[in-house]
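# Structural overview
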Amino acid sequence: EPSNFDYSDAYPSYDSPSKHINEFINNPKYFGSMRIYPEAKLALKKLHSSGVKITIVTSIGDSLEVQRSRLDLYNRELNNIVDDVIFLPLGGKKHGTLELFPCSFFVDDLVSECESANAIGHSSFLFPRKYNAHMSSNIGVKQLPFKWYSLPYFNHQPNLFGSK
């Protein structure tokens with residue numbers, strides 16, 4: 001896992017690894033080998049089984065290759081529990097899209113996206129990564145706990161994930 005968002009530590013021989021990201025994400029073999037985080041998978045399945053509509057907003061890119069690979073990943077890993085996937089251009093801001101949805105909870109790995117979602121009423125959680133470990137927010141962005149059942153949605157269903 002890279003410590004720098006631009007992957008410069010993961011690929012030190014490249015002068016600027018971030019300029020290769022578009023090529024990397026458009027390679028179907030990359031997404032073909034990805035897996036969903038086990039806690040995320042469990043949380044999303046529980047939400048779906050309780051009747052919650054699940055929409056994923058991603059700014060990983062909107063090329064046909066990225067869309068096809070991402071949808072294959074979600075279908076393979078999540079067994080068609082995702083109701084909608086909204087693809088934004090690579091690095092696109094999610095604020096305008098999130099404004100279209102009723103307030104809920106939002107998870108992202110960028111503090112700026114979480115702060116933006118908080119500003120429009122979503123409860124935001126920062127997904128912990130090495131590259132965002134040093135970042136903090138002054139406007140209520142919380143760290144996503146390893147056990148997703150502590151998210152606000154699950155507070156009224158304490159046994160949703162079973163006992164510890």
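Within any chain, residue numbers begin from 1 and follow the written order of that chain's sequence. Restriction of local features to residues with pLDDT of at least 70 applies here, the model being predicted, together with a cutoff of 80 or more for giving and counting side-chain atom pairs; totals for whole chains, interfaces and linings are based on all residues. Side-chain measures were taken over the full set of non-hydrogen atoms in the model, leaving aside hydrogen atoms and water.

### So, the pattern of salt bridges
- We count a salt bridge whenever a side-chain nitrogen from Lys or Arg sits within 4 Å of a carboxyl oxygen from Asp or Glu. This structure, assessed with the given rule, holds four salt bridges.
- The residue Lys94 makes a salt bridge to Asp108 at a minimum N-O spacing of 2.4 Å. Taken together, the residues span a long stretch of sequence, with Lys94 in the loop between strand S2 (84-87) and helix H5 (95-98) and Asp108 in strand S3 (residues 105-108) at a distance of 14 residues. For the pair Lys94 and Asp108, a shared accessibility class is recorded, and that class is buried.
- Several salt bridges converge on common partners, so that one network encompasses Arg35, Lys41, Arg76 and Glu77. Under the scheme used here, helices are H or I runs from DSSP no shorter than 4 residues and strands are E runs no shorter than 2 residues, and both carry numbers assigned from the N terminus. Each residue gets one of three labels from its accessible area relative to the maximum for its type: buried under 20%, exposed over 50%, partly exposed in between, using a 1.4 Å probe on protein chains only.

### Some words on helix H3 (residues 38-49)
- Here the expected length of a helix is defined as 1.5 Å per residue gap, with one fewer gap than residues. With twelve residues, H3 extends 17 Å from end C-alpha to end C-alpha; this agrees with the ideal 16 Å at 1.5 Å per step.
- Listing the buried residues of H3 in full gives Glu39, Ala40, Ala43, Leu44 and Leu47. Looking straight down H3, one finds that the buried residues subtend no more than 125 degrees of arc, so they occupy a single side. Those residues of H3 that are exposed and angled more than 90 degrees off the buried face are Pro38 and Ser49.
- The inward-facing, buried residues of H3 contact helix H4 (64-78) and S3.
- Looking one or two places after H3, you find Gly51, whose phi comes out positive at around 95 degrees. What the arc describes is the spread of directions from the helix axis to the C-beta atoms. The contact rule is simple, with two residues in contact once any of their heavy atoms fall within 4.5 Å.

### With respect to the environment of Arg35
- Mapped onto the secondary structure, Arg35 falls in the loop between helix H2 (28-32) and H3.
- It is 7.3 Å that separates the C-alpha atoms of Arg35 and Leu73, two residues lying 38 residues apart in sequence.
- Apart from residues no more than four positions distant in its own chain, Arg35 is found in contact with Lys41, Leu73 and Glu77.
- Side-chain polar atoms of Arg35 contact the side chain of Glu77, separated by 3.2 Å. Definition of a polar contact: a pair of N or O atoms within 3.5 Å, with one able to donate and the other able to accept a hydrogen when the atoms are protein atoms, and with sequence-neighbouring residues admitted only if both atoms are side-chain atoms.

### A closer look at the sheet that holds strand S5 (residues 142-143)
- Spatially, three strands are ordered S3-S4-S5 in an open sheet, and the strand pairing comes out parallel. The open sheet has two edge strands with one neighbour each: S3 and S5. Two strands form a pair only when DSSP identifies at least two bridges running between them.

### Considerations on the packing of aromatic side chains
- Only rings of Phe, Tyr and Trp enter the pairing, Trp through its six-membered ring, and a pair is recorded when the two centres are within 6.5 Å. The plane angle decides the type: under 30 degrees is stacked, over 60 is edge-to-face, the rest tilted. Tallied over the full model, the rule gives one aromatic pair.
- A centroid spacing of 4.8 Å and a plane angle of 40 degrees characterise the contact between Tyr37 and Phe127, whose relative ring orientation is tilted. Placement of Tyr37 in the loop between H2 and H3 and of Phe127 in the loop between strand S4 (123-126) and S5 is noted, with a sequence separation of 90 residues between them.
- Given the relative accessible area of 42%, Tyr37 is considered partly exposed.
- We classify Phe127 as buried; its relative accessible area is 16%.
- Lysine NZ or arginine CZ positioned within 6 Å of the ring centre and within 35 degrees of the ring normal marks a charge as sitting over the ring. Sitting over the face of the ring of Phe125, Lys142 holds its NZ or CZ atom 5.0 Å from the ring centroid.

### Quick notes on the environment of Gly121
- Tracing the chain through its elements places Gly121 in the loop between helix H6 (111-119) and S4.
- Sequence-wise, Gly121 and Glu99 are 22 residues apart; in three dimensions their C-alpha atoms are separated by 8.9 Å.

### Observations concerning the confidence of the model for the protein chain
- pLDDT runs from 0 to 100 and stands for how confident the predictor is about each residue. Per-residue pLDDT for the protein chain has a mean of 79; in total, 70% of the residues score no lower than 70.
- Note that residues 156-164 has pLDDT below 50 and, in this model, nine contacts with residues that lie over four places away or in other chains.

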